[in-house]
Amino acid sequence: MEAEQKAIQLFKAIEDRELIAPGKTEKQLNTEIFNLAFELFGIEKYWHKRIVRAGLNTLKPYDDNPPDLTLEEDEIVFLDFGPVFEEWEADFGRTYVIGRDPYKHKLKEDIEKAWYEAKEWYSLQTRLTGAEYHQYILGLAKQYGYLYGGQLAGHLIGHFPHEKLDPKNYGLYVHPENPNDMFLPDANGNKRHWILEIHFIDSERQIGGFFEQLLT
């Protein structure tokens with residue numbers, strides 16, 4: 001939770017310094033954020049690749065490595081960073097809109113609302129498999145009028161490195177192939193902590209957005 005609070009501070013500094021601006025490439029913005037995180041917190045370690053996606057690239061799931069795009073005057077952008085603070089992991093994602101396009105702003109707002117709706121629904125459960133929660137998220141995307149853009153809808157997080165997220169074993173993911181109860185403790189009997197990520201896309205308008213933070 002403390003790691004996430006620092007991630008919130010980092011993203012606030014990104015906004016305050018107006019780093020997300022037209023004319024920059026995704027790679028340039030990514031480097032600027034890395035440098036800012038080092039300046040503010042001395043962070044050099046990230047537990048997953050740092051993601052900056054703009055325009056058409058906002059349709060792409062995490063595993064893709066699309067070509068580097070330049071941010072436009074009227075743009076939607078999302079960030080997904082997993083900084084490690086004193087050996088504790090954060091995983092934080094937000095969507096930003098450059099310009100006043102009402103649909104892009106609506107998409108951004110819908111994703112955030114859907115995230116909190118999914119968190120509230122989760123809090124009412126006492127047993128829930130990763131597959132069942134993933135199915136709920138897909139239904140939520142449809143309810144809001146979008147497609148779901150990612151393979152996952154969340155995953156475990158913890159002390160670095162957390163329980164290994166094996167790409168061939170989905171038991172620690174919010175994924176359709178996870179039959180395990182998300183409320184089960186870890187191998188040492190400790191409560192697990194989960195990240196919830198929402199990635200909605202509009203294939204017709206060719207844009208997407210992302211919102212991610214601690215679920216539990």
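Structural data are supplied above this passage.
Residues numbered from 1 in each chain as written. Predicted model: local features only at pLDDT ≥ 70, side-chain atom pairs only at ≥ 80, totals over all residues. Heavy atoms only, no water.

Colleague: Which residues make up the pattern of salt bridges, and what values go with them?
Modeller: One pass over the structure, following the stated rule, counts ten salt bridges. Two residues, R17 and E39, come together in a salt bridge whose shortest N-O distance is 2.8 Å. Remark: E39 occurs in helix α2 (residues 26-41) and R17 occurs in the loop between α1 (2-16) and α2; sequence separation between them is 22 residues. A relative accessible area of 43% means that R17 is categorised as partly exposed. (Salt bridge = Lys/Arg side-chain N within 4 Å of Asp/Glu carboxyl O. Helix = DSSP H or I, 4+ residues; strand = E, 2+ residues; numbered from the N terminus. Buried < 20%, exposed > 50% of the residue type's maximum accessible area, 1.4 Å probe, protein only.)

Colleague: If you had to explain the packing of aromatic side chains to someone new, which residues and values would you point to?
Modeller: Enumeration according to the criterion identifies 18 aromatic pairs in this entry. Between the aromatic rings of Y46 and F81, the centroid separation amounts to 6.1 Å while the plane-to-plane angle is 70 degrees, which identifies the pairing as edge-to-face. In this pair, Y46 sits in the loop between α2 and β1 (51-54) while F81 sits in strand β2 (residues 75-81), placing the two residues 35 residues apart along the sequence. Accessibility assignment for this pair places Y46 and F81 in one class, buried. Arranged with centres 6.4 Å apart and planes meeting at 80 degrees, the rings of Y148 and F200 form a pair that is edge-to-face. Placement of Y148 in strand β6 (residues 147-148) and of F200 in strand β8 (residues 193-202) is noted, with a sequence separation of 52 residues between them. Overall, Y148 belongs to the buried group, its relative accessible area being 13%. Taken together, F11, F34, Y46, F81 and F92 form an aromatic cluster joined through their ring pairs. When the ring centre of Y62 is taken as reference, the NZ or CZ atom of K49 above it lies at 4.9 Å. (Phe/Tyr/Trp six-rings, centres within 6.5 Å; stacked < 30°, edge-to-face > 60°. Lys NZ or Arg CZ within 6 Å of the ring centre and 35° of its normal.)

Colleague: Before we move on, can you summarise the pairing of β8 with the specific residues and values?
Modeller: With respect to burial, β8 is a largely interior element, nine of its ten residues being buried. Inspection of the sheet shows β6 paired to β8 by two bridges, in the antiparallel sense. Within β8, the residue paired with L147 across the bridge is I201. Alignment of strand β7 (residues 154-157) against β8, held across four bridges, turns out to be antiparallel. For L156, the partnering residue across the bridge sits in β8 and is W194. (Pairing = 2+ DSSP bridges.)

Colleague: Explain the nonpolar core to me, and be specific about the residues and the numbers.
Modeller: Considering soluble globular proteins, one finds that nonpolar side chains tend to be buried as a cluster. One finds Y133, I137, M182, L196 and F200 to be the most contacted residues of the largest nonpolar core, which totals 30 residues. Where this core is concerned, the elements lending two or more residues are α3 (102-123), α4 (130-144), β8 and β9 (207-214). Counting residues per element, this core draws most heavily on α3, which supplies seven residues. Ranked by size, the runner-up nonpolar core spans 25 residues in total, among them L19, V77, F85 and Y96. (Core = buried A, V, L, I, M, F, W, Y, C linked by side-chain atoms within 4.5 Å.)

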